[in-house]
Amino acid sequence: MQTTRRELLTCAAAWAGAGVVWTVSSGILSSRALASSAGAAKIRRASSPGDLHFVQISDTHIGFDKEANPDPVATAREAVAKINALDVEPAFLLHTGDLTHAQKPGAFDVVSGLLQEARAGAVFTVPGEHDVFVDGGKEYLARFGTGTLGSGWRSFDHSGVHFIGLVNVVDFKSAKVGALGDEQLAWLQRDLAGRSASTPIVVFVHIPLWAVYPEWGWATTDGEQALGPLRRFGSVTVLNGHIHQVLQKVEGSVTFHTAMSTAYPQPAPGTATGPGPLAVPAEHLRSYLGLREVIWRGTSGALAVVDSRLA
Amino acid sequence: MGHGRWQDEVGRQRRRRWGSGALWGLLVLAVRASAAGETGAQIEIRNFQFVPATVEVRAGETITWVNDDEEIHSILSGEGLFTSPGLDGEQRFSYRFEKPGTYEYRCALHPQMKGVVVVR
C-alpha cells in the first residue's frame, strides 16, 4: 500500500491526539513533541516497499547509580523491550553515545549485552564523551569500531538514504569536547562530494551540531563547518543525544532532533545552575526517558520522527 | 547478570579506594592542615562549577577538589601538569603546587567548567 502525505498527516492528526505537534518544512514531516507509539504503529502498518524504519536510543549511561536513576540498566532494558515489541523489526538501531557512564568497569560489557538483546537488523553507534573519557576511545573502538574510520566516524547507505555517523567527543583532553576536528571534516567533504542533492541524508552524532546551549557545553564548536557542505542537500536530518531531552530545530532543509536518554533527564537549557542528572519523583522517571522511531517514506520522501516515552 | 557484575566491580573499586592507606593519609593530612589553619585549600565541584573558581595559595601547599555533584567530573591542568581520574560524587583529588605561577584547569568531561589556581 502506498501512503501519501495526506494519509501521513491523517496519522499525524491521530498522533496529535496523543500529544504530538507536527510541522511540515521543506518537504520534511516531523514530530515536535512526544507521542505514544500507537501512531508510529499506524504508519508502520501502512508501509510500502522502499520504506525504511529504524530506531534510535541514546545516553544509556550504564554505570550511573545516583538518585536520578539508581538502575539505568533496567530502564535501558525497557527501551530494548519496546523495540523488541514493535510489529516490524527495525532495519537497524542507532545508539547516539554515552553508552557508558565514564567507562565504569564492566559497563561496556553490560551495554554490549543489552544491544545484542535488541531485535534489529544491525546496530550502529557513535561515542559520547563518557565512552572515551578514560582511555581516549580505545575500548570503544575495540568493541564498536569495526567498519569505522578515525575516532569512529562512518557512512553507509540504506534504502536510498545516506547515513553519516560523526564523532564530536574524542579530543576532550585538548578542551575540544564538542568538536569534529579537521581530519573528520575533510573526510565528510570527500564523503559528500559527487552525491546528488536529492539524496536524503541522516547524520547521527552525540553532541548537538547546532548551538543548543554553549554555556553548558551543548554545542559543537566546528558544527557549522560540517553543516556547510550538507546544506545543498534537499533533506538533511540530524539525530543526536547528549542533552537527554527532545528538542527540534529546522534550518532550511536541515532538521535537528535531540533525543531522550534511557537513563535520566537533564534540565531544559538555562533552567538550572548547570546541566547534569535531574532527579524527578521515581514514579515519573519513565515519562522523561524514551526512544525514537524514524520512518522514511521512500515513495513520497516524507520522514516521520517519533519520540516515545518509556511510560 | 551483567548488571550485578559491573555494580559489584564498582563496589570493589570503591572499597579498594576507601581502604587505601594513601587516600586515608591524604584525608588525615587535609583535616590536620585545615585544623592548624596552615594550608589545605579545598575547592568544591558543585552544579558544574568549581567553587571558588579562583584560589590563591602559597608554594608547597596542596589543594583538594571535592565533587559534590551526582555527575562525574575531573581536574585537568591546562599545561598538562596534573590529571585526575573521573571523580564520582563525594570523591576527591589533591595536587601539591610547588612553584609560583598561575595554573588554569578545567573538567575534561565538561570543558565549560574552568578554574584558576594562583600560587605565590
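Residues numbered from 1 in each chain as written. Chains lettered and ligands numbered in written order. Predicted model: local features only at pLDDT ≥ 70, side-chain atom pairs only at ≥ 80, totals over all residues.

Caption draft 1: Molecular detail of the overall build of chain A. Helix and strand counts for chain A come out as eight helices and 14 strands. Within chain A, the fraction of its 311 residues that count as buried is 51%. Relative to all contacts within chain A whose residues are 6 or more apart in sequence, the contacts with residues 24 or more apart total 70%. (Helix = DSSP H or I, 4+ residues; strand = E, 2+ residues; numbered from the N terminus. Buried ≥ 20, exposed ≤ 12 C-beta atoms within 10 Å, placed from the backbone. Contact = placed C-beta atoms within 7 Å.)

Caption draft 2: Here's a closer look at the overall build of chain B. A count of helical and extended segments in chain B gives two helices and eight strands. Along chain B, helices and strands appear, N-terminal first, in the series α-α-β-β-β-β-β-β-β-β. Burial analysis of chain B (120 residues in total) assigns 29% to the buried set. Sequence separation of at least 24 residues holds for 46% of the intrachain contacts in chain B that already meet a minimum separation of 6.

Caption draft 3: Structural detail: unusual backbone geometry. Cis geometry marks the peptide bond from Val51(B) to Pro52(B); its omega dihedral reads -5 degrees. Among the secondary structure elements, Pro52(B) is positioned in the loop between strand S2 (49-51) and strand S3 (54-57). Notably, Ser159(A) is not glycine yet its phi reads approximately 55 degrees, a positive angle. Looking at where Ser159(A) falls in the secondary structure, it is placed in the loop between strand S7 (154-158) and strand S8 (161-165). Backbone geometry at His244(A) places phi at a positive 60 degrees, although glycine is not the residue there.

Caption draft 4: Structural view of the sheet that holds strand S4 (residues 61-67) of chain B. All names here are of chain B. Strand order in the open sheet made by the four strands is S2-S1-S4-S6, with mixed pairing throughout. The sheet terminates laterally at S2 and strand S6 (92-97), the two strands that pair on one side only. This sheet shows a mean twist of 25 degrees between the axes of neighbouring strands, independent of strand direction. Where strand S1 (residues 41-46) lies against S4, five bridges are found, and the strand directions are parallel. Paired with Glu 44 across the strands is Val 66, a residue of S4. (Pairing = 2+ DSSP bridges. Axes fitted to C-alpha atoms, helices over the stretch in contact; angles between N-to-C directions.)

Caption draft 5: Quick look at the sheet that holds strand S10 (residues 236-240) of chain A. All names here are of chain A. Across the sheet, which stays open at both edges, the six strands sit in the order S7-S8-S9-S10-S12-S11 with mixed pairing between neighbours. The open sheet is flanked by S7 and strand S11 (247-251), the only strands paired with a single partner. Each adjacent strand pair in this sheet contributes to an overall mean axis angle of 15 degrees, direction not counted. Of the pairings in the sheet, the one linking strand S9 (residues 201-205) to S10 comprises five bridges and is parallel in character. Each bridged residue has a counterpart across the sheet, and for Phe 204 the counterpart in S10 is Leu 239.

Caption draft 6: Structural view of the pairing of S1(B). Residues and elements named next belong to chain B. Across three bridges, S1 lies against S2 in antiparallel orientation. Bridge pairing links Arg 46 to Gln 49 in S2. Connecting the antiparallel pair S1 and S2 is a turn made up of two residues, with Asn 47 showing a positive phi of about 50 degrees.

Caption draft 7: Quick peek at helix H3 (residues 72-84) of chain A. With 13 residues, H3(A) should cover 18 Å at 1.5 Å per step; its first-to-last C-alpha distance of 18 Å lies within 8% of that length. Those residues of H3(A) not exposed but buried are Pro72(A), Val73(A), Thr75(A), Ala76(A), Ala79(A), Val80(A) and Lys82(A). (Expected span 1.5 Å × (residues − 1).)

Caption draft 8: How the structure looks around the confidence of the model for chain A. Here chain A averages 86 in pLDDT, and 82% of its residues register 70 or above. Residue range residues 1-35 of chain A is modelled with pLDDT below 50. Its contacts to residues more than four positions away, or to other chains, number 79 contacts. (pLDDT = per-residue confidence, 0-100.)

Caption draft 9: How the structure looks around the confidence of the model for chain B. Residue and element names in this part refer to chain B. On average, residues of chain B carry a pLDDT of 77, and 68% of them reach 70 or more. Confidence drops under a pLDDT of 50 for residues 8-38, and excluding neighbours within four residues, the segment shows 15 contacts in the predicted structure. As scored by the predictor, the complex reaches a pTM of 0.82 and an ipTM of 0.73.

Caption draft 10: Quick peek at the nonpolar core. Residue and element names in this part refer to chain A. Formed by 83 residues in total, the largest nonpolar core has its most connected members in Val 111, Leu 166, Val 203 and Phe 204. With six residues, the top contributor of residues to this core is helix H4 (residues 107-117). Setting aside its immediate chain neighbours within four residues, Phe 204 contacts Leu 94, Thr 96, Val 126, Phe 163, Gly 165 and Leu 239. (Core = buried A, V, L, I, M, F, W, Y, C linked by C-beta atoms within 7 Å.)

Caption draft 11: Region of interest: the packing of H3(A) against H4(A). Residue and element names in this part refer to chain A. In contact at an axis separation of 9 Å, H3 and H4 are set at 20 degrees when each is read in the N-to-C sense. Taken together, the axis directions place H3 and H4 in an arrangement best described as roughly parallel. Considering only the axes of H3 and H4, their crossing is right-handed. Contacts from Val 73, Ala 76, Arg 77 and Val 80 of H3 reach H4 at Val 110, Leu 114 and Glu 117. (Parallel < 35°, antiparallel > 145°, perpendicular 65-115°, else oblique. Left-handed = near helix turned anticlockwise from the far one by under 90°.)

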